[in-house]
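# Commentary on secondary and tertiary structure
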Amino acid sequence: MEPDNNPLPPATRRIAIDPVTRIEGHGKITLLLDADNHIQEARLHIVEFRGFEKFIQGRPYWDVPFIVQRLCGICPVSHQLAAGKAVDQLAGVRQLPPAATKLRRLLHFGQILQSHALHFFHLSSPDFLFGFGSDPAQRNIAGVLKQYPEIALKGVKLRKYGQQIIAAITGKRIHGTGAIPGGMNKPLTVLERASLLADISDVLQWSLEALALNEEIHTVHPEHRDFATVPSNYLSMTGANGELEFYHGGLRARHADGTHIFDQFDYCGYQQILREEVRPWSYMKFPYLSALGTKHGWYRVGPLARINNCDAISTPLAEAARQRFKAFGQDGLVHDTLAYHWARMIEALHCAESIHKLLQDPEITSTQLVAEKGELQPEGIGVIEAPRGTLFHHYQINEEGLITRANLIVSTTSNNQAMNESVRSVADQYLDGQEITEALLNRLEVAVRAYDPCLSCATHALGKMPLQVALQDANGTVIDQLTRGINNEIYRYQ
Amino acid sequence: MQASQNTITIDGREIPFTAGQTIMDAALAAEVYIPHLCHYPGLPPSGNCRLCVVEIGNRSAAACITQAAAGQEIRNNTSELNAARKALTQMLFVEGNHICPSCEKTGNCKLQAMGYYLGMLEDHFPYFYQRRETDASHPDILLDRSRCILCDLCVRASREVDGKNVFAIAGRGTEAHLIVNSPTGKLADSTMETTDLAATICPVGAILIKEQGYRVPIGQRIYDQHTIRDIGLQEHATKKQEEK
């Protein structure tokens, strides 16, 4: 669908869903109906203003990884490492000591593992285990713990293990320190390594089970194939041989038919391939591949993009899972939006396998962790594959080392248009001219949750956010309004 | 006057002092901690931060600038005084931009450590969000005035120990701010060096050696392992050892 910048097309009615629940931060969905009650357009409004790009101006460059990691409480490590890579460039460091790179990779595998576990088990599994339209009082992680304790506990433990890796390396589970210019500030001790190795067999087993659960969920429910599904372009980083890569590599983009748009593109030139469009109804920008333009250039990032894009995975169990995923797509790309979760669990397994491998690497406990700094550089660009997709950090500094300009393209921003498209697809299927119900509303949220549980870093109690739907005619008159309160009570205002 | 008469009591404990000694120095020598931020062993006192205010009989006085006198009965570690100290600490926080999560001094900061020591759980007062000039002109030293608590330690260290007079406090009241004694007012044009005591004495993150932030991992920073009481007593003991 062609993006529309007009505030409200003529002869439309508006259904607003505000806020979206079980997504960290506020989201508001507006559905614009035409005169025939067909969905004309869906708009997922991002109403928070963060301002990080502005308020880090004037701060010293070595502070940046630890300021910008506060963008998120779920994936702070990804922000720290993306900024850390940019800061390495600013400090004139071309090559990190091998042990520092390995430690950063281990840290990032821990980050992705814990984030993926949180995303699926804590935030999305209730939808699949209880059904999209089931009682919201039960449809949350507490309900999963009660009804499916074995599944829920393994999910909680998977996340805990990822956090233990983060805590061992950065000193804290959330918002620790680590990536200093040219390396890392603390080695992994022999004791810490032994402690982590003691649990890795269980973690591998839980990851396999989580993957099996997701494969089953997606393959035995044919209706999941079409739910919120939108054929799209894909963008991700891949390794030098096209393999799945989270920490460092070249950019690859594919058309929906699988053909390459570009491959192994040096991310330091990202401004040549990406543009960002501003629309008046959202604080979140709309990035697009400049070669394809604003209409056709939107793309998806994250697990689905990465598994679709890569040619191989370096660890055997995850590679076998990727082969099954590829076979499911009959060797084409899998565009199913709900397959994000399946791809997510393939990646979680890859993380577990990679963690096992890195923990056995003798160099992982090395104390040679910081490279000599070089001459200060005016510009630094760090790109990493964060749990929810490709993450760009770009900084410029003055000769005194203070930030003069920053540009961050976070994963959610890249998926912005795709989320709008998926919401429109679901609305088309379930809301066209029908009475608004809580179950229908949740289907829209399920679509957004497939991409992202964290539209910002605000933290809210699960399932406790009020949900409002308003139906307005073209003149702005509210003709129907539905509210779900904090205790799941439903009010309808006429 | 006989030696045995040269004692004061702090919270009921008898403590000896020598002629000319302040209450603060006598207390620290006896390993009695009186909270402080602007006192540093070996530098002349200034009485700026007011955290060391104690009650002597029916009056209040800053322990760092009040001489010990025989027979003084001093109250120090009381809930009322500590409540006032906490409020003072909160005021210091909100007067500057003390955002601990994004400050490289975190874990090594005396203001933060004082907040922990006094049980400060929130800022209580609204932040001023003032904008003071950051001076990054010096190749090795960063001056972030937005974190300055006007303790005057850098002024005294530069004057008394470094012999340079690099810093001064200018302005009054809420307009008070740290200035640099150089032709341009910039640190780069001063005689400041990283080996100066003034370069490392700052109790907060106002004067920092560049590019050293976050090098000490969490768990190994000063106040990860010690309270500010430990460090206050240790600084005094170290100075006394040096004097011997």
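Not measured: the values here are computed from a predicted model. (Residues numbered from 1 in each chain as written. Chains lettered and ligands numbered in written order. Predicted model: local features only at pLDDT ≥ 70, side-chain atom pairs only at ≥ 80, totals over all residues.)

Okay, the overall build of chain B next. Summing up its helical and strand segments, chain B has 6 helices and 10 strands in all. On C-alpha atoms alone, chain B measures out to a radius of gyration of 18 Å, which is about the 18 Å that the 2.2 N^0.38 rule sets for 244 residues. In terms of principal-axis extent, the alpha carbons of chain B reach across some 55 × 40 × 40 Å. For chain B, the proportion of its 244 residues judged to be buried stands at 40%. Counted over contacts in chain B with a minimum sequence separation of 6, partners at least 24 positions apart contribute 63%. (Helix = DSSP H or I, 4+ residues; strand = E, 2+ residues; numbered from the N terminus. Rg over C-alpha atoms; globule rule 2.2 N^0.38 Å. Buried ≥ 20, exposed ≤ 12 C-beta atoms within 10 Å, placed from the backbone. Contact = placed C-beta atoms within 7 Å.)

Residue and element names in this part refer to chain B. Along its sequence, chain B is organised into domain 1 (7-82) and domain 2 (83-231). Computed from C-alpha coordinates alone, the two centres of domain 1 and domain 2 are separated by 24 Å. Across the boundary between the two partners, domain 1 contributes 16 residues, which contact 21 residues of domain 2. In terms of residue class, the side of domain 1 that touches domain 2 is made up of 10 nonpolar, 4 polar and 2 charged. (Domains from an automatic or database assignment. Nonpolar A, V, L, I, M, F, W, Y, C, P; charged D, E, K, R; others polar.)

All names here are of chain B. The pairing of strand β3 (residues 53-56) with strand β4 (residues 59-62) spans 4 bridges and is classified as antiparallel. Paired with V53 across the two strands is A62, which belongs to β4. As judged from the 2 bridges shared by β3 and strand β5 (residues 73-75), these two strands associate in the antiparallel manner. Within β5, the position partnered with E55 by the bridge is R75. (Pairing = 2+ DSSP bridges.)

Our focus in this paragraph is the nonpolar core. By size, the foremost hydrophobic cluster in this structure holds 133 residues, and its most contacted members are V64, L103, L106, L113, I165, I346 and V423 of chain A. Tallying contributions element by element places helix α4 (residues 98-130) of chain A first for this core, with 14 residues. Once residues within four sequence positions are removed from consideration, I165 of chain A is found in contact with L106, L107, G110, L196 and I355 of chain A. L111, I141, L142 and L143 of chain B belong to the second-largest nonpolar core, a separate cluster that totals 58 residues. (Core = buried A, V, L, I, M, F, W, Y, C linked by C-beta atoms within 7 Å.)

Right, let's talk about the interface of chain B and chain A for a bit. Residue-level contacts link 15 residues of chain B with 20 residues of chain A. Among the residues making up the side of chain B that touches chain A, the classes are represented as 6 nonpolar, 5 polar and 4 charged.

What follows is about the packing of helix α12 (residues 316-328) of chain A against helix α13 (residues 339-359) of chain A. Residue and element names in this part refer to chain A. One way to put it is that α12 packs onto α13 with a least axis distance of 8 Å and a crossing angle of 165 degrees. Viewed along their axes, α12 and α13 adopt a mutual orientation that is roughly antiparallel. Here the hand of the crossing between α12 and α13 comes out left-handed. Here L317, A318, A321, R322 and F325 of α12 come into contact with α13, specifically with W342, A343, I346, L349, H350 and E353. Its residues placed into classes, the contact of α12 with α13 shows 8 nonpolar, 1 polar and 2 charged. (Axes fitted to C-alpha atoms, helices over the stretch in contact; angles between N-to-C directions. Parallel < 35°, antiparallel > 145°, perpendicular 65-115°, else oblique. Left-handed = near helix turned anticlockwise from the far one by under 90°.)

So, about the packing of α4 of chain A against helix α6 (residues 149-170) of chain A. All names here are of chain A. Where α4 contacts α6, the two axes come as close as 8 Å, and the packing angle between them is 155 degrees. Classified by the angle between their axes, α4 and α6 sit roughly antiparallel to one another. As α4 packs across α6, the resulting crossing turns out to be left-handed. Along the contact surface, α4 presents L103, L106, L107, G110, Q111, L113, Q114, A117, L118, F121, H122 and S125, while α6 presents A152, G155, V156, L158, R159, Y161, G162, Q163, I165, I166, I169 and T170. Residues belonging to the contact of α4 with α6 are distributed by class as follows: 14 nonpolar, 9 polar and 1 charged.

It is worth spelling out unusual backbone geometry at this point. Residues and elements named next belong to chain B. The phi dihedral of L150 is positive, around 55 degrees, even though this residue is not glycine. The topology assignment puts L150 in the loop between β7 (141-144) and α4 (153-162). With 20 C-beta atoms counted inside 10 Å, the residue L150 sits in the buried group. The residue N165 is not glycine, and still its phi comes out positive at about 55 degrees. Among the secondary structure elements, N165 is positioned in the loop between α4 and β8 (167-170). The exposure class of N165 is partly exposed, given the 14 C-beta atoms found within 10 Å.

In this section: the sheet that holds strand β7 (residues 250-254) of chain A. Read across the sheet, 4 strands follow the order β8-β7-β6-β11 (chain A) without closing on themselves; strand pairing throughout is mixed. Whereas interior strands pair on both sides, the edge strands pair on one side only; in this sheet they are β8 (260-265) and β11 (299-300) of chain A.

On to helix α3 (residues 110-117) of chain B, then. Residue and element names in this part refer to chain B. By the criterion of burial, α3 is predominantly enclosed, with 7 of the 8 residues buried. Buried within α3 are the following residues: K110, L111, Q112, A113, M114, G115 and Y117. On the buried face of α3, the contacting elements are α2 (79-95), α5 (222-225) and α6 (228-243). Just downstream of α3 lies G119, where phi reads positive at about 75 degrees.

Here we take up the sheet that holds strand β6 (residues 134-135) of chain B. Residue and element names in this part refer to chain B. With antiparallel pairing, 3 strands are arranged side by side in an open sheet as β6-β7-β10. Two strands bound the open sheet, and with one partner strand each, they are β6 and β10 (207-209). Relative to β10, β7 runs antiparallel, the two being bridged by 3 bridges. Within β10, the position partnered with L142 by the bridge is L208.

Quick look at the environment of L349 of chain A now. Residue and element names in this part refer to chain A. Looking at the element boundaries, L349 is found in helix α13. Residue class for L349 comes out buried when judged on the 28 C-beta atoms lying within 10 Å of it. Taking the C-alpha atoms as reference points, L349 and N233, 116 residues apart in sequence, are found 25 Å from one another. When neighbours within four sequence positions are excluded, L349 is seen to be in contact with S207, L208, L211, L317, A318 and A321.

Residue and element names in this part refer to chain A. Tracing the backbone through its elements, the reader meets P98 in helix α4. A count of 13 C-beta atoms within 10 Å places P98 in the partly exposed class. When the C-alpha positions of P98 and L369 are compared, they lie 7.9 Å apart, and in sequence the two are 271 residues distant.

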